[in-house]
Amino acid sequence: MASRGGTAAGIRSGRGFLLMLGVIAGCAFLLRLGVWAELGAVNGGRNSVYAPSVLTDLATYMKLGREMAAGEYTGPFYYQPFYYAVFLPGCYLLSGGSIGFVIFVQSLLGAATSYLAGLASARLFGKTAGCIAAVFTAISTPLLLNTPYHQNETLQTFNLMLLFYLALRACECWNLKRWAAVGAVTGIAILTRGNINFFLPGLLAALIWAGRQHKAGPGRIAAAAGLFAAMVLLVQLPFALHNTRVTGKLSGPSTAADAVLALGNSPEAPAGGRDPELPAGPMEYPEAYGRMMNRAENGVGVPAQMFEWMRREPAAFFELQLRKLLLFWDWREIPNNVSLLGPGGGAESSLILRWLLPGRSLVLLPLGLAGLVLAAVRAYRRRDVRLWLLVYCAAAYWAATALFYILSRFRAPILPLVAVAAGGFASWFLRRWRRSPERRRQLLLCGGGGLVAAFWLVSSGYEFYRNNLEAALARFCRPDGTVVAFGGTPYRLDYGPMTFGGWSEIEMRRGQKLAKRFPDFDKPGEAEWTLLADSAGRLRFRVNGRTVTRAVEHPGLVKLRFPVMPESGLFRLEIVDFPGKCSLLFDRQRNYGRSELDGAPLDGEWLFRLYDSPDPVK
């Protein structure tokens, strides 16, 4: 790893290197234009690039941006507003409302991000690292995929890379102007997505640490910190004042925080928004989420509700956070508004996205993780504030994203910083391999072993946890299953979410006997049974000897409710008749030993939930 002064001087004198970064950035721009051309041509232009579904955030951003450009926007800012209240209106006003101009500008931002990643990595690790980081950023398929759509990921990716580069330069050449610029860009990044608030402690710590290294006095450091904080707040102030005026209460620049927090932090929440193998589409909204939002509307904020749950079930709360932290580094891209590899995803329509395999996260993430570990070791040994800042920013973004929920588009903005670290690791490994032939075995054991461990974590870590540890930890963390006792009639269940869950099918047959036990439940209740049907009709079954008939109103996932009176927490159900072909559903990722099929223990738990004090159901 090159020294700080030597690296900076080398970059200033390295016109060839800067030219190389310019060529890479140019290629990044052309790749983004190519992906735009391919995805924009799908279905004759009637696609999510130009005419997204009104149910998606893409259409919402497009609509809000046009309203802002026309001066017709009313109401509070719900989403973080910079993208649709500043960026999109600016593009529309300059181009007469052209969608293509927006994509062109986003392609330029992607190219600039590649250039900045190269500069940052070169300042930390040398020119070879800079070229590697720039290439990884240029060819990253998630970043390419996001470019031609109306969503704020491309802008935020640029914001984060610019923020890190400016902070890096401010640490190297400490003065008030540089830290004021860092504060302004931080405010813009927060206005684009609120999780950047997690960067504030690290940036302030870097300001103080670097100031002391440059022998700035306490007064000057305090002035820089005050100026930094003032710029962060000043950028956000107009939007916060607008929301405060419109809502009639003190408010920040966005009002969506409760909804985003509740979606990823309810007792029923999955770790990710959608299964990776699915096409683009909506996320799972469990009942507990709706109840949390109802309480929030009645004055109990979602952060307060999260704290209640953490105090009530600390092990369950932190197990969910662990799942999200693990899933963040999984190589798969979790779809939402757009999809990379699922049915109808970008790779089906774009040759660039399909064949640009080195741009997949399975390549970048392991190298980046290994690079972050290397940077942490070097930061500790050398007391280098710049390396510490790289590690902090990556860790802060990781934690901030996991606090909400994991989607590919939420992870994408940190990929250039991961590329900076990946460039550092790759250049360090190659340099050590060339210069120290006698120590290659040690290098393979340490560096190669670390890379293999990172590759395993990225490629298999979450699935290993999901298939081998989650059920046991669920039994430990939630011995009574999931119990939701707030916001309405209390209910309990032993199965997990469908998204990233272990839901499995068993073909339904007449005469099958199911048993389900809920501990310590000896009163009348109402059961909700989830199953799969291929046609509508009527389903008949016996519950503790009582015949019940329910209408299956549509094919697909069906939820039936019926009254039960468990005997010592146990109720038995026998299938009598059903329409067409039906399947029983159970969850392999939960196993409390409380479900049976035909008298034998089930390797999982049936999809029943039990409500207290039901309304009469016939």
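Quick notes on the rules
- Residues numbered from 1 in each chain as written.
- Predicted model: local features only at pLDDT ≥ 70, side-chain atom pairs only at ≥ 80, totals over all residues.
- Heavy atoms only, no water.
- Helix = DSSP H or I, 4+ residues; strand = E, 2+ residues; numbered from the N terminus.
- Expected span 1.5 Å × (residues − 1).
- Buried < 20%, exposed > 50% of the residue type's maximum accessible area, 1.4 Å probe, protein only.
- Core = buried A, V, L, I, M, F, W, Y, C linked by side-chain atoms within 4.5 Å.
- Contact = heavy atoms within 4.5 Å.
- Patch = residues over 30% accessible without salt bridge, like charges linked within 9 Å, V, L, I, M, F, W, Y side chains within 5 Å.
- Areas by Shrake-Rupley, 256 points an atom, 1.4 Å probe, with all protein chains shown as cover.
- Salt bridge = Lys/Arg side-chain N within 4 Å of Asp/Glu carboxyl O.
- Pairing = 2+ DSSP bridges.
- Phe/Tyr/Trp six-rings, centres within 6.5 Å; stacked < 30°, edge-to-face > 60°.
- Lys NZ or Arg CZ within 6 Å of the ring centre and 35° of its normal.
- Axes fitted to C-alpha atoms, helices over the stretch in contact; angles between N-to-C directions.
- Parallel < 35°, antiparallel > 145°, perpendicular 65-115°, else oblique.
- Left-handed = near helix turned anticlockwise from the far one by under 90°.
- Nonpolar A, V, L, I, M, F, W, Y, C, P; charged D, E, K, R; others polar.

K.L.:
In this structure, what is going on with helix 21 (residues 415-435)? I would like to understand it.
P.N.:
An α-helical turn contains 3.6 residues, so a residue and the one three or four places further along point in the same direction. Taking 1.5 Å as the rise per residue, helix 21 with 21 residues should run 30 Å; its terminal C-alpha atoms sit 30 Å apart, in good agreement. Burial runs high along helix 21: 16 of the 21 residues are buried.

K.L.:
Mind showing me how you'd approach the nonpolar core here?
P.N.:
Across soluble globular proteins, nonpolar side chains have a tendency to be buried as a group. With 155 residues, the main nonpolar core has Phe87, Phe164, Phe199 and Leu390 as its most contacted residues. Those residues in contact with Phe199 that lie beyond four places of it in its chain are Leu160, Leu163, Tyr392, Cys393, Ala396 and Tyr397. Within the second largest apolar cluster, 29 residues are counted, among which are Phe562, Phe571, Phe578 and Phe586.

K.L.:
So what exactly am I meant to see when it comes to helix 8 (residues 153-172) here?
P.N.:
Across its 20 residues, helix 8 extends 29 Å between first and last C-alpha, which sits within 8% of the 28 Å expected from 1.5 Å per residue. Burial analysis of helix 8 places 18 of its 20 residues in the buried class, which makes it a mostly covered element.

K.L.:
Just checking my understanding: could you explain a nonpolar patch on the surface for this structure?
P.N.:
A cluster of nonpolar residues, Leu19, Met20 and Val23, forms a patch on the protein surface that exposes about 290 Å² of accessible area. Inspection of the secondary structure puts Val23 in helix 2 (residues 15-40).

K.L.:
I tried to follow the pairing of strand 10 (residues 582-587) on my own but got confused; where do I start?
P.N.:
Along any regular strand, the residues point their side chains to alternate faces of the sheet. With six of its six residues buried, strand 10 lies for the most part within the structure. Along strand 10, one buried face is formed by Cys582, Leu584 and Phe586 and the opposite face, lined by Ser583, Leu585 and Asp587, is buried too. Note that strand 5 (residues 525-533) and strand 10 share three bridges and pair antiparallel. In the strand pairing of strand 10, Ala533 is matched with Cys582. The pairing of strand 10 with strand 13 (residues 605-606) spans two bridges and is antiparallel. The partner of Asp587 across the bridge, within strand 13, is Glu605.

K.L.:
What exactly am I supposed to notice about the pattern of salt bridges here?
P.N.:
Pairing is possible between side chains that carry opposite charge, provided their charged atoms lie close to one another. Tallied over the full model, the rule gives 31 salt bridges. Between Arg609 and Glu268 there is a salt bridge, with the nearest N and O atoms lying 2.7 Å from each other. Residue Arg609 is located in strand 14 (residues 608-612), and its partner Glu268 is located in the loop between helix 12 (257-265) and helix 13 (287-297); the two are separated by 341 residues in the primary sequence. The exposure classification of Arg609 matches that of Glu268, with both residues buried. For Glu528, the salt bridge is made with Arg561, and the minimal N-O distance between the two is 3.4 Å. Of the two residues, Glu528 is situated in strand 5 and Arg561 in strand 8 (residues 556-564); the sequence distance between them amounts to 33 residues. Glu528 sits in the buried class, given a relative accessible area of 8%. One network of salt bridges, in which partners are shared, links Glu268, Glu287, Arg291, Glu526, Glu528, Arg561 and Arg609.

K.L.:
Just to check I follow, could you spell out the packing of aromatic side chains for this structure?
P.N.:
Given two aromatic rings, one states the distance between the centres and the angle between the planes to describe the pair. Following the criterion strictly, the structure yields 34 aromatic pairs and no others. Where Phe425 meets Trp428, the ring centres are 5.7 Å apart and the plane angle is 45 degrees; that geometry is what we call tilted. With Phe425 and Trp428 both in helix 21, this residue pair falls three residues apart, about one helical turn. Each ring, one from Phe425 and one from Phe429, has its centre 6.1 Å from the other, and the planes form 35 degrees; the classification is tilted. Pair noted here: Phe425 and Phe429 are both in helix 21, with a separation of four residues, about one helical turn. The same class applies to Phe425 as to Phe429, namely buried. An aromatic cluster is defined as three or more aromatic residues linked by ring pairs; in this entry it consists of Tyr61, Tyr73, Phe77, Tyr78, Tyr79, Tyr83, Tyr84, Phe87 and Phe239. Between Arg66 and the ring centre of Tyr92, over which it is positioned, the NZ or CZ distance is 4.5 Å. Of note, Arg510 hangs over the ring of Phe578, and the distance from its end group to the ring centre comes to 4.5 Å.

K.L.:
Even after reading the chapter, I still don't get the packing of helix 18 (residues 361-382) against helix 22 (residues 440-468), so can you show me in this structure?
P.N.:
The axes of two packed helices give the description: the angle between them and the distance between them. Look at helix 18 against helix 22: their axes get within 8 Å of each other, and the N-to-C directions meet at 130 degrees. Classed by the angle they form, the pair helix 18 and helix 22 counts as oblique. Along this stretch, helix 18 crosses helix 22, giving a crossing that reads as right-handed. Counting all contacts with helix 18, which are made through Ser361, Leu362, Leu365, Pro366, Leu367, Leu369 and Ala370, the residues of helix 22 involved are Leu451, Ala454, Phe455, Leu457, Val458 and Ser459. Classifying every residue of the contact of helix 18 with helix 22 by side-chain character gives 11 nonpolar, two polar and no charged.

K.L.:
Could you clarify how one ought to interpret the environment of Phe608 in this entry?
P.N.:
If you trace the backbone, Phe608 turns up in strand 14. Among the residues examined, Phe608 registers a relative accessible area of 1% and is labelled buried. Between the C-alpha atom of Phe608 and that of Arg561, which follows or precedes it by 47 residues, the distance is 9.6 Å. Ignoring anything within four residues of it in the chain, the contact list for Phe608 reads Arg492, Leu493, Asp494, Tyr495, Leu514, Lys516, Phe518, Glu528, Trp529, Phe562, Phe571 and Leu573.

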